[in-house]
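Residue-level structural notes
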Amino acid sequence: MPYKLSATLKAHTSDAEVVLRAGSRYVNSVAYIAPSTDAPKGYAVTGGQDAVVNVFNLDKPRDDPDFCLLGHLDNICTLDVTPGGTIISGSWDKTAKVWKNFNLVYDLKGHQQSVWAVVGIDEDQFLTGSADKTIKLWQQHKVLQTFTGHRDAVRGLALIPDIGFASCSNDSEIRVWTLGGDTIYTLSGHTSFVYSLSVLPSGDIVSAGEDRTVRVWKDGECSQTIVHPAISVWAVSTMPNGDIVSGCSDGVVRVFSESEERWATVEALKEYDDQVASQALPSQQVGDMIRNGALVEAHQWDSANHTWQKIGEVVDAVGSGRKQLYEGKEYDYDGVPPLKLPYNVSENPYSAAQKFLQSNDLPLTYIDEVVKFIEKNTAGVNIGTGGEEYVDPFTGGCLEIPRECCSSAAAQPQYVDPFTGASRATAPSTAQSQSYGDPFTGASRYSGAAPTPQSRPAPAAPAKILPVSKLVTFKQANVSAMQAKLFQFDEVLRHEIVCFLAHLFRKISGALIHAYTRFSRQTFAYLTLITSTPPRQPPSPLSQAHVDSIISILDRWPSSQRFPVIDLSRLVVGFCPEAFGAPGVLERFADALFKAAEWHASWTAPLPKPRETNMLLLLRTLANAFQEEGQTDGVWLGRIVETLAQAPYAVLNKTQRVALATVLFNISCQGLRFALDISLRDQTVSLINKILESETADAEAVYRALVALGNIAHAAKTRQSLSAAQKGEIGQCLRSLPVTFPDVRVKNVCAEISALI
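Parameters at a glance
- Residues numbered from 1 in each chain as written.
- Predicted model: local features only at pLDDT ≥ 70, side-chain atom pairs only at ≥ 80, totals over all residues.
- Heavy atoms only, no water.
- Helix = DSSP H or I, 4+ residues; strand = E, 2+ residues; numbered from the N terminus.
- Buried < 20%, exposed > 50% of the residue type's maximum accessible area, 1.4 Å probe, protein only.
- Contact = heavy atoms within 4.5 Å.
- Polar contact = N/O pair within 3.5 Å; in protein donor to acceptor, adjacent residues only side chain to side chain.
- Pairing = 2+ DSSP bridges.
- Axes fitted to C-alpha atoms, helices over the stretch in contact; angles between N-to-C directions.
- Phe/Tyr/Trp six-rings, centres within 6.5 Å; stacked < 30°, edge-to-face > 60°.
- Lys NZ or Arg CZ within 6 Å of the ring centre and 35° of its normal.
- Core = buried A, V, L, I, M, F, W, Y, C linked by side-chain atoms within 4.5 Å.
- pLDDT = per-residue confidence, 0-100.
- Salt bridge = Lys/Arg side-chain N within 4 Å of Asp/Glu carboxyl O.
- Lys, Arg positive; Asp, Glu negative; His and termini not counted.
- Expected span 1.5 Å × (residues − 1).
- Parallel < 35°, antiparallel > 145°, perpendicular 65-115°, else oblique.
- Left-handed = near helix turned anticlockwise from the far one by under 90°.
- Nonpolar A, V, L, I, M, F, W, Y, C, P; charged D, E, K, R; others polar.

A few words now on the overall build of the chain. Counting secondary structure elements, the chain contains 15 helices and 32 strands. Counting the 757 residues in the chain, one finds 54% classified as buried. Within the chain, contacts between residues at least 6 apart in sequence are counted, and of these 56% link residues at least 24 apart.

Structure, rendered in structure tokens:
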């Protein structure tokens, strides 16, 4: 059944039972914390222009909030709450913050512009979307993944069970992603900004946007478009019974249901359709027009009801009776002042005012005056049912972000490591030839672009993948955040460390503690320069003493606070290989890392979160221990592979599995340049087979392991060949994997390996 209007909720006209006073300025976001023993009716959470997260106990509502969470420096535009009661807030101050028990626990810094969307995956993993066009996946306060692909500000996020999540943007598109960073598909249909997303109990996606529609998406297609009698639909949500709730610029909340018993009366449905049909639309946005006497009507095909629905009357020349031309575009109004103020009757006046001020380098503080001028000079032309305020519910004013949305973002890098950087999730343009697909990203598979209406060329033979000799490393760096966290932990733990050392050595030298601090600061100074854009060469390299300082901290800090030190190790081994040149340093360093990550402890699932994080960073550190030009010691690699093989593969999570496969891939890259010791090669093949035989869900880990295996098989053609037993085991995996993983990348690389063995 199609969705139809069920109920309309309008503004209060008399006293309300409960009024929550959440500040004197605009409230832009609201969330709800489920009931608990101390709040049997739950908590209401609000955020707005006063930059405070206010929390109200609904069991004992008061005028003032029960908790005021301070920390943001600007407008709070988004909130989310996890099932455990953790609050995530996003702000124009370019940060998101995580609050537990009404206290700040994580400060998520990394976005370059306002954070417009947040969602909690669980109590320690979060997603944030920003006006910088990116989405970030966080484990506690640390970025695990950055998703790129949207061409404008990201406005909404929603989790999709068993798949990943969906995002919407001012670029008018919706993207569905895996948490590993792949774009599964793109939903195109909205004709303007998409502000909000929600997911139905069935798994279908619901979206809302500036084109005044709510759209229902089923199996990657728009199954129904619900047009609203308003300029914009600002928010959409779904209910457990499958109903859809929308909030619009006309100040009305509407409920839509596909259950006939919950539909509104026939009279109410007709009134709603009449309100929609009374809208004025710009002809540029209308595809199907019908002349009805002197009027030109816009109609839209309703796929749910299989009928044409009138959605408004087309507006062209109004006001002066003819179009005004400005910068090559026609507008309904051309302002009287010496500065040109173009305006279409169907535009949001705040949007037009903002564009006018920005194009003429005028302060945005004049925006209200410009809007008054527009409304005064366009009086008598009504759009919608009247009485609407053209006010962005997030900003209290303009349509877009006052500072960031209209500014151009920095140019994207031409190439970023496909496993770790932005380009991995970027949907490539279909206008470019795809004669070669990135072997790691499968670009043509995950293009995410809408198909173009052109004849399909004859299928070309798959591009050759093997061998792949370029190393994959994890060298993304937020050095300042890492340094701040490490020094924060250092301040807290310094007393305990001093006491521990004093107990261990019976005496402690102040100079020793000072040396550790000095080496740490020198390390961060080095990394800040070498990871800058463009990279700058530090005046002096790091030495063994700096590595020893890291090892010392790893030995002494508790498990829950080691992650910034292991993350520091990841960058040091990647950017400063000369610091490990002395005999035995790399061995001691690896031993300290495995110990810090508790690799030899019990593997009983579920593993504690701190240990999971430390293990992931350990694996990424090992992946960075390879150099494009140099050769990593084979004996050391043999010990590493032997130790890695001790872990039960089933206990590892997705990101850990991908990092493990990356280590093996980098070993195979070294095997292309230098002959691997046979024992090391056999250990590596054995661990790769273990991954291929055990993995049943994550195509990314399988693909990386397969490419590693393909590199080894390619090198074996000119060196000592693989044994018959190894070929037999590999062949069995190659026959079963394309069935388990229909990904075309997996199929193609399996075929290439089969040919090699």
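Read on, since the account is not over.
This paragraph deals with the environment of Tyr 3. Considering the arrangement of structural elements, one finds Tyr 3 in the segment before strand 1 (4-9). Note: C-alpha distance between Tyr 3 and Ile 226 (223 residues apart in sequence) is 7.9 Å. Once you skip the residues sitting within four places of it in the chain, Tyr 3 turns out to touch Leu 200, Val 216, Gln 224, Ile 226, Gly 242, Asp 243, Ile 244, Phe 256, Ser 257 and Glu 258. Of the polar contacts made by the side chain of Tyr 3, one reaches the backbone oxygen of Gly 242; its length is 2.8 Å.

This part is about unusual backbone geometry. Cis peptide bonds are those with omega within 30 degrees of zero, and the linkage from Leu 466 to Pro 467 qualifies with -5°. In this structure, Pro 467 sits in the loop between helix 3 (367-377) and helix 4 (479-505). A cis geometry characterises the amide bond from Ala 605 onward to Pro 606, with omega recorded as 0°. Tracing the backbone through its elements, the reader meets Pro 606 in the loop between helix 8 (585-596) and helix 9 (609-623). Phi is positive for Lys 133, which is not a glycine, with a value near 75°. Position of Lys 133 relative to the elements: it lies in the loop between strand 11 (125-130) and strand 12 (135-139). The partly exposed category is assigned to Lys 133, whose relative accessible area is 24%. Unusually for a residue other than glycine, Asp 162 sits at a positive phi of about 70°. Along the chain, Asp 162 falls in the loop between strand 14 (154-160) and strand 15 (164-169). You can call Asp 162 exposed: its relative accessible area is 86%.

Now for the sheet that holds strand 9 (residues 103-109). Read from one edge of the open sheet, four strands run 6-7-8-9, paired in antiparallel fashion. For this open sheet the edge positions go to strand 6 (76-81) and strand 9, each flanked by a neighbour on one side alone. Along the sheet, successive strands turn relative to each other by an average axial angle of 20°, direction set aside. Of the strand pairs in this sheet, strand 6 and strand 7 (residues 87-91) are connected by five bridges, and their pairing is antiparallel. Bridge pairing links Asp 80 to Ile 88 in strand 7.

What follows deals with the packing of aromatic side chains. For the coordinates displayed, the defined rule picks out 14 aromatic pairs. Here Tyr 43 and Phe 67 contribute two aromatic rings whose centre-to-centre distance is 6.3 Å and whose plane-to-plane angle is 65°, an arrangement assigned as edge-to-face. You can see Tyr 43 sitting in strand 3 (residues 43-48) and its partner Phe 67 sitting in strand 5 (residues 67-69), a full 24 residues away along the chain. Judged by centre distance (4.0 Å) and plane angle (15°), the ring pair of Phe 67 and Phe 102 falls under stacked. You can see Phe 67 sitting in strand 5 and its partner Phe 102 sitting in the loop between strand 8 (95-100) and strand 9, a full 35 residues away along the chain. What links up through ring pairs into an aromatic cluster is the set Tyr 43, Phe 67 and Phe 102. One Lys or Arg, Lys 475, reaches over the ring of Phe 575 and ends 5.2 Å from the middle of that ring. For Arg 745, the ring lying beneath its charged end belongs to Tyr 703, and the centroid distance is 4.5 Å.

Here is a general trend for soluble globular proteins: nonpolar side chains tend to be buried in one another's company. Ranked by size, the top nonpolar core spans 112 residues in total, and within it Leu 527, Phe 580, Trp 599, Leu 644, Leu 692, Leu 706 and Leu 737 carry the most contacts. Element by element, the count of residues in this core is highest for helix 13 (residues 699-716), at twelve residues. Those residues within four positions of Leu 706 in sequence are excluded, and the remaining contacts are Leu 692, Leu 734, Leu 737, Val 746, Val 749, Cys 750 and Ile 753.

Below, the discussion takes up the confidence of the model for the chain. Per-residue confidence for the chain averages 79 on the pLDDT scale, and 73% of its residues sit at or above 70. Confidence drops under a pLDDT of 50 for residues 315-337, and excluding neighbours within four residues, the segment shows 48 contacts in the predicted structure. Counting contacts from residues 380-456, a segment whose pLDDT is below 50, to residues more than four positions away or on other chains yields 178 contacts.

The full count for this structure, using the stated rule, is 22 salt bridges. In this structure, Arg 745 and Asp 743 form a salt bridge, with 3.3 Å as the shortest nitrogen-oxygen distance. We note that Arg 745, like Asp 743, is buried. Through salt bridges with shared partners, a single network forms among Glu 700, Arg 704, Asp 743 and Arg 745.

Turning to the pairing of strand 4 (residues 53-57), a few remarks are in order. Two faces, one strand: in a regular strand the side chains alternate between the faces of the sheet. Across the five residues that make up strand 4, a large majority, five, are buried. Covered by surrounding structure in strand 4 are Val 53, Val 55 and Asn 57 together with Asn 54 and Phe 56, the residues of both alternating faces. Note that strand 3 and strand 4 share five bridges and pair antiparallel. Directly across from Val 45, in strand 4, lies its bridge partner Val 55.

Along the chain, the position of Leu 179 falls in the loop between strand 16 (173-177) and strand 17 (183-188). Assessed through its relative accessible area of 29%, Leu 179 is described here as partly exposed. Leu 179 has contacts with Ile 121, Leu 127, Leu 137, Gln 145, Phe 147, Ile 163, Gly 164, Phe 165 and Lys 654, leaving out every residue within four places of it along the chain.

This paragraph deals with the side chain of Asp 93. Note that Asp 93 resides in the loop between strand 7 and strand 8. As a buried residue without a salt bridge, Asp 93 has its nearest oppositely charged side chain in Lys 97, at a separation of 4.9 Å. Only 3.0 Å separates the side chain of Asp 93 from the side chain of His 72, close enough to count as a polar contact. Look past the residues within four positions of Asp 93 in its chain and what remains in contact with it is His 72, Leu 73 and Asp 74.

Let us now look at helix 11 (residues 654-673). Compared with an ideal rise of 1.5 Å per residue, which puts 20 residues at 28 Å, helix 11 spans 30 Å between its outermost C-alpha atoms and is within 8% of the ideal. Counted residue by residue, helix 11 has 17 buried out of 20 residues, so it is predominantly covered.

A few words now on the packing of helix 9 against helix 11. Contact pair helix 9 / helix 11: the axes reach a minimum separation of 8 Å and the direction vectors enclose 20°. Compared by their axis directions, helix 9 and helix 11 come out roughly parallel. For helix 9 against helix 11, the interelement crossing comes out left-handed. Seen from helix 9, the contacting residues are Glu 612, Met 615, Leu 616, Leu 619, Arg 620, Leu 622 and Ala 623; seen from helix 11, they are Thr 655, Gln 656, Ala 659, Leu 660, Thr 662, Val 663 and Asn 666. Class assignment for the residues of the contact of helix 9 with helix 11 results in eight nonpolar, four polar and two charged.

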